[in-house]
Amino acid sequence: MGTLARFVTQPNRAYRDFQVVYSLLTLNFLLPSFTYLVDPKGTYERFVALGVTLGESVYPSPEASYFWRFLGVSNVFTLGVMCALLQWNLRKNRPILPALCVLKLGTSLQFLGNYFFGLGHRAFLAIGLFDALTTVAFVVFATRALRAMGDDPARDAELVPRLR
C-alpha cells in the first residue's frame with residue numbers, strides 16, 4: 001500500500017484531519033509571506049480589491065512602509081513555521097500551540113479593532129473574522145488529534161506521517 005493510501009486509511013482519523021488542515025494552514029502562511037516580501041504592491045492591490053468586493057469604494061490609508069511590511073512578513077512566516085513544527089511532531093511541539101493562537105488571535109483582534117474603532121473598512125472585518133476562524137481551527141484540529149493520539153507514544157508508530 002502506498003504512502004497516500006496509508007495516510008487516507010490510517011486508523012487515527014483525527015490525526016489525518018489535523019495533517020490535512022495544518023498542511024493548508026502552513027501553505028496559507030508560508031506562501032503569502034514570500035509574496036508580501038517580493039510583491040508588496042500586488043499584496044496591497046489584492047487588499048484593496050477585497051475591500052471593493054465587499055462594497056468599499058476606496059482604501060483611505062497609503063501602505064508604503066518597509067517597517068510594517070517587514071514585521072508583517074516576519075509575523076506570517078512565523079505562523080507558517082509554527083504550523084510546520086506542529087505537523088512535524090505534534091506531541092513534542094504541543095507547547096507551540098498556545099503561542100500560535102496568541103499570535104493569530106492578536107492579529108485578528110487588531111483587524112477587528114481597526115474595523116470597529118478605526119477606519120471601518122470592510123476588508124478589516126473580513127480578515128479579522130477569517131483570522132479568528134483560523135485560530136479556532138488551530139485549536140480544534142490540534143487538540144482533537146492530540147486527544148486521539150492518547151498518552152501512549154507506542155501508538156505513534158501507526159501515524160502517517162510519523163512523528164519526527
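Shown above is the structure to which this text applies.
Predicted model only: the values in this text are computed from it and were never measured. (Residues numbered from 1 in each chain as written. Predicted model: local features only at pLDDT ≥ 70, side-chain atom pairs only at ≥ 80, totals over all residues. Heavy atoms only, no water.)

Peer 1: How should the environment of Thr43 be read in this particular structure?
Peer 2: Examined against the element boundaries, Thr43 turns out to sit in helix α3 (residues 40–53). Once residues lying within four places of it in the same chain are set aside, the contact partners of Thr43 are Thr35 and Tyr36. (Helix = DSSP H or I, 4+ residues; strand = E, 2+ residues; numbered from the N terminus. Contact = heavy atoms within 4.5 Å.)

Peer 1: Hey, could you run me through the packing of aromatic side chains in this one?
Peer 2: Think of a pair of aromatic rings as described by two things: how far the centres are apart, and how the planes are tilted against each other in angle. Evaluation of the coordinates by the stated rule reveals 13 aromatic pairs. When the centroid spacing of 4.9 Å and the interplanar angle of 80° are considered together, the rings of Phe47 and Tyr59 count as edge-to-face. Here Tyr59 lies in the loop between α3 and α4 (66–88) and Phe47 lies in helix α3, a separation of 12 residues in the sequence. Of the two residues examined, Phe47 and Tyr59, each falls in the buried class. Put simply, the rings of Tyr15, Phe18, Tyr22, Phe29 and Phe138 pair up and form one aromatic cluster. One cation-aromatic arrangement involves Arg164 over Trp88; the distance from NZ or CZ to the ring centre is 4.6 Å. (Phe/Tyr/Trp six-rings, centres within 6.5 Å; stacked < 30°, edge-to-face > 60°. Buried < 20%, exposed > 50% of the residue type's maximum accessible area, 1.4 Å probe, protein only. Lys NZ or Arg CZ within 6 Å of the ring centre and 35° of its normal.)

Peer 1: What's the story with the environment of Ala5 in this structure? I'm lost.
Peer 2: Mapped onto the fold, Ala5 is located in helix α1 (residues 3–9). Expressed as a C-alpha distance, the spacing of Ala5 and Leu24, which sit 19 residues apart in the sequence, is 19 Å.

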